Amino acid sequence: MTIQILASESLGVRSMATLVRTNDVSILIDPGAALGPKRYGLPPDKLEWERLRLLKAKIKEKIKEADIIVITHYHYDHYDPEWAELFKGKRLFLKDPEKNINRNQAKRAKELIKRLLSASCFYEVAEGKELCFGTTKVIFSGPLNHGPDERFGAVVAVHVKSPTLNFLHSSDVSGPVQEEALSFFYKTSPEILFIDGPATYLGPRFGLEECKIARQNLVSLVRDLKPSCLIMDHHLLRDLSWKKWAEDIYEAGESIGTKVLCGAEFINKPLLLLEAERKHRYKTLKHKILEFESS
Ligand SMILES: [Fe+2]
């Protein structure tokens, strides 16, 4: 099995787009990417828009290679409604568009389905399904909360199991903080786990207690399941202090031989935390303009 992380916060955009290939099947999970519209009260700059263009073009290319497409929920950093017709001829699995969903995502799901049907693309509801492709198994979780409570709807996690590797992609559980998410992780016991991590950058708006619970849960997961690799990215990598926040997780990983990485490190690329560094870039630019004007 090969796991290619195509885009994520550590690569410069909001995303968890991942292409998983086994001898039997290619699965593209969450074909989309976006930018944080306002961070530190500032809009994305040219550098971020350029990065988005580049990574979205890469994801679009990879759609051609995939047999299966999965959309884990209806946030635009996980899919692009304009790409609906590109899914023609693929098996498309969507997070249930009607159940365990909030109003905003239900509306987006309806719009996506309208586009899919007008392009003669068909879809299946992902939740709870188990599929076999030769020696590869693909198992979808039930609905898992997008965050500490039900307010933001639910997402589905994707478990891919081949004779050589056992991988779990868990988008936007924001932690994990919820019992159901945690129990799915324990049940699947992945060797490689790709998870979003909590939105520590939101501080009390996410929940300080929830951040602590998430960290404790990640430490327990590493200690109990002993995965070969834990990849944390997405929400957590919007925070420049993510490594400091994760010290206990690194410590747990070191003591039992689990590699704790972000997406960029997993694919041996340099970290590019463009959203988290946005304020710094604006400051430097402002400084340069002032210098120029006074010279
Ligand atoms: Fe997301």
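The structure we're discussing is the one just above.
So, here's what we can say about the structure. Quick caveat, the model's predicted, so the values are computed rather than measured.

### Points about the overall build of the protein chain
A count of helical and extended segments in the protein chain gives eight helices and 15 strands. The C-alpha radius of gyration of the protein chain comes to 19 Å, within 12% of the 19 Å expected for a compact globule of 295 residues. Seen through its principal axes, the protein chain has C-alpha atoms that stretch 70 × 50 × 35 Å. Looking at the protein chain as a whole, 57% of its 295 residues qualify as buried. As displayed, the protein chain has an accessible area near 13800 Å², and 53% of this comes from carbon and sulfur atoms. Where the 44 positive side-chain charges of the protein chain centre and where its 40 negative ones centre are 4 Å apart.

### Thoughts on the coordination of the iron ion
Taken together, the protein donors to the iron ion comprise Asp-77 (OD), His-78 (NE2), Asp-172 (OD) and His-234 (NE2), at separations of 2.1 to 2.5 Å. Metal-centred angles of 89 to 155° between the four donor atoms at the iron ion mark the site as irregular. Along the chain, the residues donating to the iron ion are arranged with the sequence spacing D-H-x93-D-x61-H. Here His-78, found in the loop between strand E4 (68–71) and strand E5 (91–94), pairs with Asp-172, found in the loop between strand E12 (166–170) and helix H3 (179–188); they are 94 residues apart in sequence, far enough to count as distant. For the pair His-78 and Asp-172, one class covers both residues: buried.

### Structural notes on the sheet that holds strand E1 (residues 2–5)
An order of E1-E2-E3-E4-E5-E6 is seen for the six strands of this open sheet, with the pairing classed as mixed. Because the sheet does not close on itself, it has two edges, and the strands there are E1 and strand E6 (123–125). The mean inter-strand angle of the sheet, taken between neighbouring strand axes irrespective of direction, is 20°. Bridging between E5 and E6 involves three bridges; their strand directions are parallel. Bridge pairing in E6 places Phe-93 opposite Glu-124. The sheet strands contacting helix H2 (residues 103–118) are E4, E5 and E6, and the helix crosses E5 at an angle near 165°.

### Remarks on the side chain of Thr-136
Among the secondary structure elements, Thr-136 is positioned in strand E8 (residues 136–140). Within polar-contact distance, the side chain of Thr-136 engages the side chain of Thr-22 at 2.7 Å. Reaching out from Thr-136, the side chain makes a polar contact with the side chain of Asp-24 at a distance of 2.6 Å. Here Thr-136 is in contact with Thr-22, Asp-24, Val-25, Leu-131, Val-160, Lys-161 and Ser-162, once residues within four sequence places are set aside.

### Things to note about the sheet that holds strand E14 (residues 229–232)
Taken in spatial order, the seven strands make up an open sheet running E7-E8-E11-E12-E13-E14-E15, and their pairing is mixed. Every interior strand has two partners, whereas the edge strands, strand E7 (130–133) and strand E15 (259–261), have only one. On average, each strand axis in the sheet is tilted by 10° relative to the strand beside it, whichever way the strands run. Relative to E15, E14 runs parallel, the two being bridged by three bridges. Within E15, the residue paired with Cys-229 across the bridge is Lys-259.

### Topic: helix H6 (residues 247–256)
What H6 keeps buried is the set Ile-249, Tyr-250, Ala-252 and Gly-253. All buried residues of H6 project into a common sector of 160° when viewed along the axis, lining one side. More than 90 degrees from the buried face of H6, the exposed residues found are Glu-251, Glu-254 and Ser-255. Downstream of H6 by one or two residues, Gly-257 has phi in the positive range, about 85°.

### Some thoughts on the layout of surface pockets
A probe matching the size of a water molecule, rolled over the atoms, marks out where space remains unfilled. Here the largest pocket defines a volume of roughly 720 Å³. In terms of lining residues, the largest pocket is bounded by 29 residues, among which Arg-14, His-75, Tyr-201, His-235 and Arg-238 are the most central.

### A short note on the pairing of strand E11 (residues 158–161)
Relative to E11, E8 runs antiparallel, the two being bridged by four bridges. Bridge pairing in E11 places Val-138 opposite Val-160. Inspection of the sheet shows E11 paired to E12 by four bridges, in the antiparallel sense. Each bridged residue has a counterpart across the sheet, and for His-159 the counterpart in E12 is Leu-168. The hairpin turn running from E11 into E12, its antiparallel successor, is four residues long.

Thresholds applied
Residues numbered from 1 in each chain as written. Predicted model: local features only at pLDDT ≥ 70, side-chain atom pairs only at ≥ 80, totals over all residues. Heavy atoms only, no water. Helix = DSSP H or I, 4+ residues; strand = E, 2+ residues; numbered from the N terminus. Rg over C-alpha atoms; globule rule 2.2 N^0.38 Å. Buried < 20%, exposed > 50% of the residue type's maximum accessible area, 1.4 Å probe, protein only. Areas by Shrake-Rupley, 256 points an atom, 1.4 Å probe, with all protein chains shown as cover. Lys, Arg positive; Asp, Glu negative; His and termini not counted. Charge placed at Lys NZ, Arg CZ, Asp CG, Glu CD. Donors = N, O, S within 2.8 Å, 3.2 Å for Na, K, Ca; no water. Tetrahedral: all angles 85-135°; square planar, octahedral: opposite > 155°, others 65-115°. Pairing = 2+ DSSP bridges. Axes fitted to C-alpha atoms, helices over the stretch in contact; angles between N-to-C directions. Contact = heavy atoms within 4.5 Å. Polar contact = N/O pair within 3.5 Å; in protein donor to acceptor, adjacent residues only side chain to side chain. Arc of directions from axis to C-beta. 1 Å grid on protein atoms, 1.4 Å probe; cavity = no way out; pocket = protein on both sides within 12 Å on 5 of 7 lines; lining within 4 Å. Points joined across faces, edges and corners; volume = space filled by probe spheres on them.

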